[in-house]
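# Observations on chain architecture
Below, each chain spelled out in residue letters.
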Amino acid sequence: MRNFFNYKNALLTILLAIPFMASAAGAPFFQDWVLNGRVVDEKGDPLTGVSVRVLNTSRGASTDANGRFILQIENENDSLEVSFVGYTTRLIKVGTQREIIIRLQLDAEAGRLGEVVVVGFGTQKKVSVTGAISSITAREMERTSTPSLSNAIAGKLPGIISRQGSGEPGYDAAGIIIRGLGTWVNRSPLILVDGVERDLNNISPQEIESFSVLKDASSTAVYGVRGANGVILINTKRGKPGKPKITLRTELASLTNLRQRDYIGGADYAMLMNEGLINVGKAPRWTAEEIEKYKSGSDPYLYPNVNWIDTVFKKTSYQTINNLSITGGTDVVRYFTNVGYSVQDGIYKEDNFNSYNTNANLKRYNFRSNVDVNLSKSLVVNLSLGGIIDQRNYPGGGADGIFSGATNTSPIAFPVRNPDGSPGGSAVYIGSNPWAQATQTGYSNEKHSTLQGTFGVNYDLSSLVTKGLSFRGKFAYDYYSHNKALRYKIFGVKQYLGKDAVGDDMYSLVREEQPLGYQIIQSATQAIYTEGIINYERKFGAHEVSGMALYNKRDYNNLTAGTSILNLPYRRQGLAGRLSYNYSNKYLLEFNAGYNGSENFPKGKRYGFFPSVSAGWVVSNENFWKLNVVNNLKFRGSYGQVGNDQIGGNRFLFLTTINRNPNNSPYYFGDGQQFWNGITEDQIGVENVTWEVATKANAGFDLEMFGSKLTIQTDFFNERREGILLQRATIPAITGFLPQSIPYGNLGKVKNHGFDALLEARNTTKRGLYYSFRVNYTYAKNKVIENDEPTPLYNYLSGKGQSIDQPYGFIADGFFNAASDISKWADQSALGGTPRPGDIRYVDINGDGKIDTYDQVPIGYARTPQIMYGFGSTVALKGVDASIYFTGAARTSVFLEGRNFYPFNEGSGVFNIFREYYDNRWTPETAETARYPAVSDGNNVINFRRSTVWQRDASYLRLRNAEIGYTLPKPLLNRIKINSVRLFVNGTNLYTWDKLKVIDPESDNAYPIQMIINTGLQVTF
């Protein structure tokens, strides 16, 4: 061993001496050195995986996660070739540099050719996509602070039509449809998260890598029987090689109610009661002295004047959303994990004497972990876990009870509390005290738990079988449970009667108080999904071909179903395929098909075939194309069929069932129609019940100009939906069918057409100013072709040719101003009453001299907008960025109807009254300007029915969100080992321009939508 070290030392001495001996002999001296370098992008951020090669040699390296590389340089004449996909390749002469920073510029053309788009069961190069697909970035969704993701995409994607009906925590998600209505049954799109059917609103923007909307038959045919309503694809983030990257995002927001209801006060209410009585020839109820007591508040217990909205609801609440993510890994193992915590508080005021919380409240805990492991160069396995736990708290009476109380209870009905502190009440309004509904009905505590697990494998078979061949498999298990502990309480009701002769308070006991009850409501479901895909992609010169073959299966179980039928698994399985051809990025052709089915249909008729074909022509890649200003112009077209198995009705409609409970099965016999119990037919089976089939055509183009600084995407679409399930309407009552036994049939037909478009401009100036502008537009109009209705007496009464959900009503022609007007007009007595001055005057549509149900015609638009649009802009310079975005809807109508606009329709003094009605009702003095009919003392059958008087245009333009942020300078952060820090303030639902003014044009006008002012911090380590 000692001899070995002696030889080693001697050898080192000789090697070190060689350069000196060579120099002494006149030989050349090679002074090579190590070059330390770093490659960054235009913004100065490091680029990983960049190829750095010494020109005309075999020496090269790739940059690490920090963009760094090390290379041996032999002499000053060496040059580096630096290349990276999507960036312009650079040649750099080294000279005498020992350290170097290389900045790469984006290559617009290379980036465009390399950009990929998420499609059904995979990805495609954007240049070769022929279907209609829209996408949005997670960064854009982050600008809307909301726990429900559906609220963050409203008006921001072409093809999407959405409406948020409520702001209640836990139930504030917006309804979403793609390209309008094609059916009147289930209209919801298929939503897939990481390829598995899951809830859209359980995902946080911080978890999202890509968000795509598939709109035409070409992009959705592979989903077969589930593709007719469109598909939303969400892929969550996955790890990338590099050091751990930690991102913390925390937000705190103040929420303010939009368009809170404005009711009239006590004095106005009493005067309106008197006016209604006088209008029908009755004596007034209240004296001037009593009305003055309501106004002055001098006797608040016998003459109360209660603003129930201010009494029950807070004007502001709060919300916080927090997420912490860690990502990184090596070439072998990569990981992404995110944990989140959100709180959204409600608007109900509380009683401090309660030992429990009665306000609405949502607390959400979410977790997601995605891990990818390379077992070899060609075999990758991945495991994804997700967990979402919602803890929700609500008043025992619930939102419906509280808002119903606020609607039902007049300001003069009773005080909020009696002198002894008990809830105010009366025998007329038993239990309707809104304050008591919110604070004295106990509480409910809900827990919604979701567990998501996905195991996948990707196997590149290029070296084993043939180049371009790969296999992907997936197994997913989802479990959902809901547990609701309802501690409902019936509060006591006492009516205050005043003081007796000795000055003691007198009460009439209306209802005894009951202790807190206890009820458990539970449900649980599980879903198991398996998938196997073979992909092939190969290029032969100018020819590029790809193909996909897939098998999948999904079992969904209701684990707490109440019947054996509902407990059976909901099962789907099928095959899907895709074949694509691309010639020189000029001529594109693609076939997609799905062959799948459901257990819900008769044996032998459970599977369907749904084919599609699409083609594209990239004109800008032709040799004759000389317009350099246009760097991409592609025309696209598609045609095909897709299905919808969510048809409504009972499960297994092909089975005939019998109602064997004689107590629930009435028969009527004889001239007197005497009632008898007995066993009856229940459901009459439909042997050939099947799914809806949508035949879709799409034509569009993609345009990019000025080096992709301006992009335009436009699509025109047409759809014919057939086989829509409906209960037969042409079966006459004389046949004897009970209502529940009338058979169903796949008879409905609907046509739907329209277009959607996107325009986006963006640029970065030489001085570093970034600016962008984006606008999108969606128009979708449908028409009912067949609804199995009997032929009406007049064609205008038919629903055929009208839109789905088209409202019908009378056309108003002002009001009767005098008795002489009534005698000259068509007879309206058929409506059930005798017209008076101030009543609505209707148009005699059919000219028969009388107004009846045959004079109702289509009026206005359906509640679902036919048009939705959005536009906005972003600018950024030297760490400061600002953005603003507007959304809007048009061709949508709403009715100002019901208890609050139909004064005293259930009796004088019953229900609250909107100030909008009070200020604009008909009186002899306001006859020329009135918008609403005169008040009466009860149900006015002439006025209180749908007509153009009560219908309003619900179109709106809303400042959906605005944001300003500041990113701290990097030199400052480098000293404390932090990569980036961004402070921001944003707002949601900031202002609305509309014609309604009274109620919010988007909501269902119960629990109000919120305006959100949000502050936040995002830190990356």
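Residues numbered from 1 in each chain as written. Predicted model: local features only at pLDDT ≥ 70, side-chain atom pairs only at ≥ 80, totals over all residues. Heavy atoms only, no water.

## A word on the sheet that holds strand β3 (residues 60-62)
One open sheet holds the four strands; their spatial order is β3-β2-β5-β6, and the pairing between them is antiparallel. Strand pairing shows two members of the sheet lacking a second neighbour, β3 and β6 (90-93), which therefore form its edges. Looking at each pair of strands side by side, their axes are set apart by 20 degrees on average, direction ignored. Note: strand β5 (residues 79-83) against β6, four bridges, orientation antiparallel. By the bridge assignment, serine 79 is partnered in β6 with lysine 93. (Pairing = 2+ DSSP bridges. Helix = DSSP H or I, 4+ residues; strand = E, 2+ residues; numbered from the N terminus. Axes fitted to C-alpha atoms, helices over the stretch in contact; angles between N-to-C directions.)

## A word on helix α5 (residues 266-279)
The terminal C-alpha atoms of α5 lie 20 Å apart, and with 14 residues this matches the ideal 20 Å at 1.5 Å per residue to within 8%. Of all the 14 residues making up α5, 11 are buried; the element is thus mostly covered by neighbouring parts of the structure. Inspection of α5 places Gly266, Ala267, Asp268, Tyr269, Ala270, Leu272, Met273, Asn274, Glu275, Gly276 and Leu277 among the buried residues, and these make up the whole buried set. Contacts made by the buried residues of α5 are with α6 (288-296) and α12 (915-920). Positive phi shows up at glycine 281, right after α5, with a value of about 85 degrees. (Expected span 1.5 Å × (residues − 1). Buried < 20%, exposed > 50% of the residue type's maximum accessible area, 1.4 Å probe, protein only. Contact = heavy atoms within 4.5 Å.)

## A short note on the nonpolar core
Ranked by size, the top nonpolar core spans 70 residues in total, and within it Leu272, Trp286, Phe313, Tyr348, Phe901, Tyr917 and Trp950 carry the most contacts. If you tally residues by element for this core, the top one is α5, at five residues. The contact partners of tyrosine 917, leaving out residues within four places of it in the chain, are Leu272, Phe901, Pro903, Tyr932, Pro933, Ala934, Val935 and Trp950. With 20 residues, the next largest nonpolar core counts Val119, Val196, Tyr223 and Ala476 among its residues. (Core = buried A, V, L, I, M, F, W, Y, C linked by side-chain atoms within 4.5 Å.)

## Quick notes on the sheet that holds strand β4 (residues 68-73)
Taken in spatial order, the three strands line up as β4-β1-β7 in an open sheet, and their pairing is mixed. For this open sheet the edge positions go to β4 and β7 (99-103), each flanked by a neighbour on one side alone. Taking each pair of neighbouring strands and ignoring which way they run, the sheet shows an average axis angle of 30 degrees. Where strand β1 (residues 33-40) lies against β7, five bridges are found, and the strand directions are parallel. From the neighbouring strand, arginine 38 faces β7, where its bridge partner is isoleucine 101.

## Focus: the environment of leucine 104
By the element assignment, leucine 104 lies in the loop between β7 and α2 (108-114). Leucine 104 gets classed as buried once you look at its relative accessible area, which sits at 0%. The sequence separation of leucine 104 and valine 784 amounts to 680 residues, and the corresponding C-alpha distance is 56 Å.

## Observations regarding the confidence of the model for the protein
Per-residue pLDDT for the protein has a mean of 90; in total, 95% of the residues score no lower than 70. Considering only residues more than four positions removed or in separate chains, one finds that residues 1-30, a stretch of pLDDT under 50, has two contacts. (pLDDT = per-residue confidence, 0-100.)

## Some details on the packing of aromatic side chains
Applying the stated criterion across every chain, the model contains 38 aromatic pairs. Measuring from centroid to centroid gives 6.0 Å for tyrosine 794 and tyrosine 854, while their planes differ by 65 degrees, and the two rings are edge-to-face. Highlighted residues: tyrosine 794 in the loop between β39 (770-786) and β40 (808-809) and tyrosine 854 in the loop between β42 (840-842) and β43 (857-858), separated in sequence by 60 residues. Three or more aromatic residues joined by ring pairs make a cluster, and in this case those are Tyr263, Phe901, Tyr902, Phe914, Tyr917, Tyr932, Phe944 and Trp950. Stacked on the ring of tyrosine 507, the Lys or Arg lysine 494 has its end atom at 4.4 Å from the ring centre. A cation over an aromatic ring shows up here: arginine 921 above the ring of tyrosine 918, its NZ or CZ 4.4 Å from the ring centre. (Phe/Tyr/Trp six-rings, centres within 6.5 Å; stacked < 30°, edge-to-face > 60°. Lys NZ or Arg CZ within 6 Å of the ring centre and 35° of its normal.)

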